[in-house]
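Next come the chains, spelled out residue by residue.
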Amino acid sequence: MRRTVFETDHELFRESVKEFIERTLLPLDEDIRSERMLRREVWLEAGKQGFLGMQVPEEYGGQGAGDFRFNAVIGEELARVAAAYNSIVAIHTDICAPYLLELATEDARRRWLPGFCTGELVTAIGMTEPGGGSDLAALTTTAVRDGDAWVINGSKTFITNGGHADLIIVAAKTDPAKGAKGITLFGVEADMPGFSRGTRLDKVGQPEADTSELFFENVRVPGSHVIGELNRGFIHMMERLPQERLSCAIANVAHARGVLEETIEYVKERKAFGQPIGAFQHNKFLVAELITKLDVAQAFVDQCLAAHVTGDLDSVDASKAKWWTSDVQNQVIDGCVQLFGGYGYMREYRVARAWMDARVTRIWAGSNEIMKEIIGRSAGL
Ligand SMILES: Cc1cc2nc3c(=O)[nH]c(=O)nc-3n(C[C@H](O)[C@H](O)[C@H](O)COP(=O)(O)OP(=O)(O)OC[C@H]3O[C@@H](n4cnc5c(N)ncnc54)[C@H](O)[C@@H]3O)c2cc1C
């Protein structure tokens, strides 16, 4: 189905993203997988191309595009290659950026945003803790005021980019008795005394992304590093989750589409019983189902993207997009594995890696159960 959400400028921009991927990312693909982290040279090149600061105003070193469709183009092209490439970059550009742009103090914006755009300052966000991620109001990391500064203690886990980020947005309790109403966000710089990282976690998929534990032991951060209003951190996070979930949905569909296109080529070539395996009616119907599932999911995601551009995407629709596309992505890629037969189970094949990469999308960014909780609540239940 022809997509109408993008305009000529976005499609021209897409060509430059593809060129960047071909020239800078793909030659390092295997190295990045074994090193389990995106090399800084890739970040810096992405910064040079202007891909990191699309939403950042020019006065802070960004492109000032103010149109999330450019972020969507980057996300789609990265996810088509490997889901983790999108995860790594989107945490920075789609998830951390709005906190810094909309909520950080002017001093902090001037300090962080230029490096954010060049790739010299990589960001991460620490909400999840070892004790739980779904119930954010129950987090236990604390920040206690000491003069003009705050002293942070606690730990975070499963943090994407945590192993190499230079700035981490950290959610901490500033008024523990008040639950969700006692959370504040802080910008912790990685060289602050008392901050340390655990080993990079050994995940089932997305090996290109570093996912780490973070520890805060009497980390002293200046008052200018408070992001947003005191004790309104929970609201700030909730308000920014629709963009995060839309970003996930865009990548989920693009990732599955890349794998499906490769699979369609494979079933045309691979022969069994003297004919291409794609010619068997069962397989033809399976491919037809997978194409349809993706096209239908794409239509809803594009509608959400258009709504987000005009400021009309709400948390409920973003939740629908997130859970639906992550389910569809997993169904599609599982179907592709089946069509690849034994090769589909070999790590050497992208389809096998994609299958492992996709599993997490039903868990993170608010699990699919939490998405359904939000949607169910909107129905008055
Ligand atoms: C690879 C990876 C990268 C990640 N990156 C980040 C990151 O950068 N920053 C960050 O802060 N976090 C990150 N996360 C954490 C992720 O967001 C959490 O794992 C997720 O929110 C779920 O939290 P949990 O793991 O603590 O599971 P739990 O909250 O313990 O949930 C366990 C199960 O219980 C279900 N459940 C919980 N509550 C309910 C309910 N009310 N109703 C029904 N079912 C429920 C959940 O859906 C889930 O199936 C990442 C996780 C992974 C795996």
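Note that the structure is predicted; figures quoted are calculated from it, not measured.

A.B. asks: Help me get a handle on the packing of aromatic side chains, residues and values and all.
C.D. replies: Within this structure, the stated rule accounts for 11 aromatic pairs. Geometrically, the ring pair formed by F20 and F51 is edge-to-face, given 5.3 Å between the ring centres and 80 degrees between the ring planes. Here F51 lies in the loop between α3 (40-48) and α4 (68-81) and F20 lies in helix α1 (residues 8-25), a separation of 31 residues in the sequence. Ring plane angle 50 degrees and centroid distance 5.5 Å describe the contact between F195 and F216, whose orientation is recorded as tilted. Placement of F195 in strand β6 (residues 195-200) and of F216 in strand β7 (residues 211-222) is noted, with a sequence separation of 21 residues between them. You'll find F195 and F216 in the same group, each marked buried. In textbook terms, an aromatic cluster arises when at least three aromatic residues are bridged by ring pairs, as seen for F13, F20, F51 and F70.

A.B. asks: Tell me what's going on with the UniProt feature "domain: Acyl-CoA dehydrogenase/oxidase C-terminal" (unreviewed entry) in the protein, and back it up with residues and numbers.
C.D. replies: Following the UniProt record, the feature "domain: Acyl-CoA dehydrogenase/oxidase C-terminal" (unreviewed entry) maps to residues 231-378 here. End-to-end, the C-alpha atoms of residues 231-378 are 25 Å apart, and along that stretch the chain is 76% helix and 3% strand.

A.B. asks: Which residues make up the pairing of strand β1 (residues 123-126), and what values go with them?
C.D. replies: Neither face of β1 is exposed, since T123 and I125 on one face and A124 and G126 on the opposite face are all buried. One ladder, built from 4 bridges, connects β1 with strand β4 (residues 167-173); its direction is parallel. Paired with G126 across the two strands is V170, which belongs to β4.

A.B. asks: Any details on the packing of helix α8 (residues 281-309) against helix α9 (residues 315-340)? Residues and values, ideally.
C.D. replies: Relative to each other, α8 and α9 sit at 160 degrees, their axes nearing to 10 Å. By the angle between their axes, α8 is roughly antiparallel relative to α9. You can see that α8 and α9 cross each other, and the crossing is left-handed. Together, N283, L286, V287, L290, K293, L294, A297, F300, V301 and C304 of α8 and D317, K320, A321, W324, T325, V328, Q331, V332, G335, C336 and L339 of α9 make up the contact between the two elements. Tallied by class, residues from the contact of α8 with α9 come to 14 nonpolar, 4 polar and 3 charged.

Thresholds, definitions, all that
- For every chain, the first residue of the written sequence is number 1, and numbering continues from 1 onward in sequence order.
- Selection of residues for local features in this predicted model requires a pLDDT of at least 70, selection of side-chain atom pairs for listing and counting requires 80 or more, and totals for whole chains, interfaces and linings are taken over all residues.
- The basis for the side-chain values is all heavy atoms of the structure; hydrogens and waters are excluded.
- Side-chain rings of Phe, Tyr and Trp, where Trp is taken by its six-membered ring, are said to pair if the distance between their centres is within 6.5 Å; with planes under 30 degrees apart they count as stacked, over 60 as edge-to-face, and otherwise as tilted.
- Secondary structure elements follow DSSP: runs of H or I no shorter than four residues count as helices, runs of E no shorter than two count as strands, and numbering proceeds from the N terminus.
- A simple rule labels every residue: compare its accessible area, found with a 1.4 Å probe on the protein chains alone, to the largest value its type can have, and call it buried under 20%, exposed over 50%, or partly exposed in between.
- UniProt positions are given in the numbering used here, feature names are shortened, and annotations may be inferred rather than shown by experiment.
- Following DSSP output, two strands are said to pair if at least two bridges run between them.
- Axis angles are defined between N-to-C directions and span 0 to 180 degrees, where every axis is a line fitted to C-alpha atoms and, for a helix, only to the segment in contact.
- Roughly parallel means an angle under 35 degrees; roughly antiparallel means over 145; roughly perpendicular covers 65 to 115; every other angle is labelled oblique.
- Each helix crossing is assigned a hand: it is left-handed if the near helix lies turned anticlockwise from the far helix by less than a right angle, otherwise right-handed if that turn is clockwise.
- Two residues form a contact once any of their heavy atoms are found within 4.5 Å.
- The classification used treats Ala, Val, Leu, Ile, Met, Phe, Trp, Tyr, Cys and Pro as nonpolar, Asp, Glu, Lys and Arg as charged, and all other residues, Gly among them, as polar.

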